Amino acid sequence: MTDSKTTLAKQALRPTPISRLASGLQATQAALHRHPRRVSAAVLALLAGSAFTAFGVAPLSTLPDAALPVITQVQEQVEPALLPGQIAQLDGQVLSLYRNDVTRPSDTADTLLRRLGVDDAEAARLLRQDPTAATLLQGRAGKLVKVIVDNGKLRELIARSPAADASQIDTHFTRLRIERQEGGLWTTRSEQVPLQVTSQMASGTIQSSLFAAADDAKVPDGVTNQIAEIFGNDIDFRRELRKGDAFSVLYEAHLADGEPITWGNASGRVLAARFINKGETHDAVWFQQPGSKGAYFDLTGRSKTRAFLASPLAFSRVTSGFAMRFHPIQQKWKAHLGVDFGAPTGTAVRSVGDAVVSFAGQQNGYGNVVELQHAGDRKTVYAHLSRIDVRKGQKVEQGQLIGAVGATGWATGPHLHFEFKIKGTQVDPMQIARASESLQLSPQALTQFKGMAGRIAAQLDRAGEWQAAGAKTGPRFE
């Protein structure tokens, strides 16, 4: 009996698992307070050891003996083939570097060569004294210059600039070549070379304006003007353009020895274009049927060229539309029975349609004015001109220049006042342009056109997909 009580007392005094855990925690806390750094190091070492053990053992422990990988070592001596010969060939090659730049108005022979990395007093002397070489720094700046240099000495210089004959500026360019021959002799020659014409595609999305979107897409201004002209009868770019509208355009690019030119008409004709405005798609393709002038047509073969252009200026800012306005001189509200186009003095003014000049001279507050008589009792008026380039009784064609923007008469600044009259009554020019008649292709030409238009439409489709994917410019087609 006594032994049983003694055993029970010992068991009661024996620490339980919970009491042992509590004691261990108390001891750990005490040790942590006394030796914080040692305890931290021990814990880290324990964790690191556990981690390495888990990483090193766990994967292998799950594999059966038959699944263990068999490692085979293979040793083989490899001799590099013909390396000494290749090194000798590389040592024997001469590295020629070339640089490109554009001439500046302040350039001299020395400053231009120095900017191109050429340290060659003899070459600078040649540019000053040789009659052909000296043309590099004569005339207008902006010539494309390429040099090949050996150890700072000029070996070859090629410069490209506008054609010597102004009538060939859109078809040819001047190539100046200067070369150092064996023995230190120089050869110089200048020649007229045809420009290369290639096709380029670009796409853009409207965020603020057509020109801003075209600039982002690296589209030349000349091409942008053509886009606005082509779709001018379909879209009022002043009032109907919306953020998110998109365009794709296939156009000609002029190159000189493969380099884009920086003078004259750097871009040629727009070959095809697509403009999506307010969800509606407008297409235009350039086509010329035998025996007639070329024009733009939609994909069905209907001409985009109507009897009247939407504007007498290629592309401009409308400062006052066909509506009521506060007259800047008379200081009262009055119906404005025309459209005012803001443009710098001297901007070319063109006829909006085929006509005969019925008046050319001065006319009260209109200043210098031209009136054109069109078919069907329709007349157009062009006022405040700085100059008049036609005479009464002269026949003019659509797009023909008739004068220039000015500020004559009652004008507060340079602009063109334009009116469209039907039987003597002023009407909205934009509405007349949109409602005017258009041309149709002959059945034979229509068949040929549709085959070509189908191929171009596929390109415009791809450009639109490319643009929708987030790119700023489309693929290039040559």
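As a reminder, the structure under discussion sits directly above these lines.
Per chain, residue numbering runs from 1 following the sequence as it is written. Note on the predicted model: pLDDT of at least 70 is required for a residue's local features to be given, and 80 or more for side-chain atom pairs to be given and counted; whole-chain, interface and lining totals, by contrast, use all residues. The side-chain values count all of the structure's non-hydrogen atoms but skip hydrogen atoms and water molecules.

Novice: Got a minute to help me understand the overall build of the protein in this structure?
Specialist: Labels follow the DSSP assignment, with helices taken as runs of H or I lasting at least four residues and strands as runs of E lasting at least two, numbered in each case from the N terminus. In terms of helices and strands, the protein carries ten helices and 25 strands. Each of the 478 residues in the protein was classed as buried or not, and the buried ones make up 37%. Residue exposure ignores everything except the shown protein chains as possible cover, and the areas themselves are Shrake-Rupley values with a 1.4 Å probe. Surface accessibility of the protein: about 28,400 Å² in total, with carbon and sulfur atoms responsible for 55%. For every residue, the accessible area obtained with a 1.4 Å probe (protein chains only) is divided by the maximum for its type, and the residue is called buried under 20%, exposed over 50%, and partly exposed between those limits.

Novice: I keep staring at helix H8 (residues 221-230) and nothing clicks. Help me out?
Specialist: A turn of α-helix holds 3.6 residues, and therefore any two residues three or four places apart point the same way. Listing the buried residues of H8 in full gives Val223, Thr224, Ile227, Ala228 and Ile230. What you see down the axis of H8 is that its buried residues fit within an arc of 165 degrees, all on one side. Whether two residues are in contact is decided by their heavy atoms: any pair within 4.5 Å suffices. Where the residues of H8 are buried, they touch helix H7 (210-216), strand S7 (246-256), strand S9 (267-277), strand S10 (280-287), strand S11 (295-297) and strand S12 (302-306). Taking the helix axis as origin, the arc is that swept by the directions to the C-beta atoms.

Novice: Quick question: what am I supposed to make of the pattern of salt bridges here?
Specialist: Side-chain pairs of opposite charge can arise where the charged atoms are in close proximity. For this analysis, a salt bridge means a side-chain nitrogen from Lys or Arg found within 4 Å of a carboxyl oxygen belonging to Asp or Glu. One pass over the full model with this rule turns up 17 salt bridges. The residue Glu179 makes a salt bridge to Arg189 at a minimum N-O spacing of 3.6 Å. With a gap of ten residues between them, Glu179 in strand S4 (residues 172-180) and Arg189 in strand S5 (residues 186-194) connect regions that are remote in the sequence. Residues Arg274 and Asp461 are paired through a salt bridge, measuring 2.6 Å at the closest nitrogen-oxygen approach. With Arg274 in strand S9 and Asp461 in helix H10 (residues 443-468), the pair connects residues that are 187 residues apart, well separated along the chain.

Novice: Can you help me understand the environment of Leu210 in this one?
Specialist: Mapped onto the fold, Leu210 is located in helix H7. Among the residues examined, Leu210 registers a relative accessible area of 3% and is labelled buried. Between the C-alpha atoms of Leu210 and Phe237, which are 27 residues apart in sequence, the distance is 8.1 Å.

Novice: Can you help me understand the side chain of Thr103 in this one?
Specialist: Within the element layout of this structure, Thr103 appears in the loop between strand S1 (97-102) and helix H5 (109-115). Among the polar contacts made by the side chain of Thr103, one reaches the main-chain amide nitrogen of Lys143 at a distance of 3.0 Å. Discounting chain neighbours no more than four positions away, the residues touching Thr103 are Leu112, Arg115, Leu136, Ala141, Gly142, Lys143 and Val145. Side-chain atoms alone can form a polar contact between residues adjacent in sequence; in general such a contact is a pair of N or O atoms within 3.5 Å, and within protein one must be able to donate a hydrogen while the other accepts it.

Novice: Looking at this structure, I do not really get the packing of aromatic side chains. What am I missing?
Specialist: Here a ring pair, both rings aromatic, is described through the centre-centre distance and the interplanar angle of the planes. Paired rings are identified among Phe, Tyr and Trp, the last through its six-membered ring, by centres lying within 6.5 Å, and are further divided according to the angle between planes into stacked (under 30 degrees), edge-to-face (over 60) and tilted (the rest). One pass over the structure, following the stated rule, counts nine aromatic pairs. Their ring planes at 45 degrees and their centres at 5.3 Å tell us that Tyr382 and Phe418 sit as a pair that is tilted. Remark: Phe418 occurs in strand S23 (residues 415-422) and Tyr382 occurs in strand S20 (residues 378-388); sequence separation between them is 36 residues. The exposure class assigned to Tyr382 is buried, which follows from its relative accessible area of 0%. Three or more aromatic residues joined by ring pairs make a cluster, and in this case those are Phe231, Phe237, Phe247 and Phe275. Whether a charge sits over a ring depends on NZ of Lys or CZ of Arg being within 6 Å of the ring centre and within 35 degrees of the ring normal. Over the face of the ring belonging to Trp286 we find Arg269, whose NZ or CZ atom lies 4.0 Å from the ring centre.

Novice: Teacher, can you tell me more about the nonpolar core here?
Specialist: In terms of nonpolar packing, the biggest core is built from 24 residues, with Leu210, Phe231, Phe237, Phe247, Val249, Val270 and Phe275 touching the most fellow members. Elements represented by at least two residues in this core include exactly H7, H8, S7 and S9. Beyond its immediate chain neighbours, meaning those up to four positions away, Phe247 contacts Ala202, Ser203, Gly204, Ile206, Leu210, Ala213, Ala214, Val219, Ile227, Arg274 and Phe275. Here, the term nonpolar core denotes a set of buried Ala, Val, Leu, Ile, Met, Phe, Trp, Tyr and Cys residues that are joined through side-chain atoms within 4.5 Å. Leu309, Leu313, Phe341 and Ala343 belong to the second largest nonpolar core, which has 22 residues in total.

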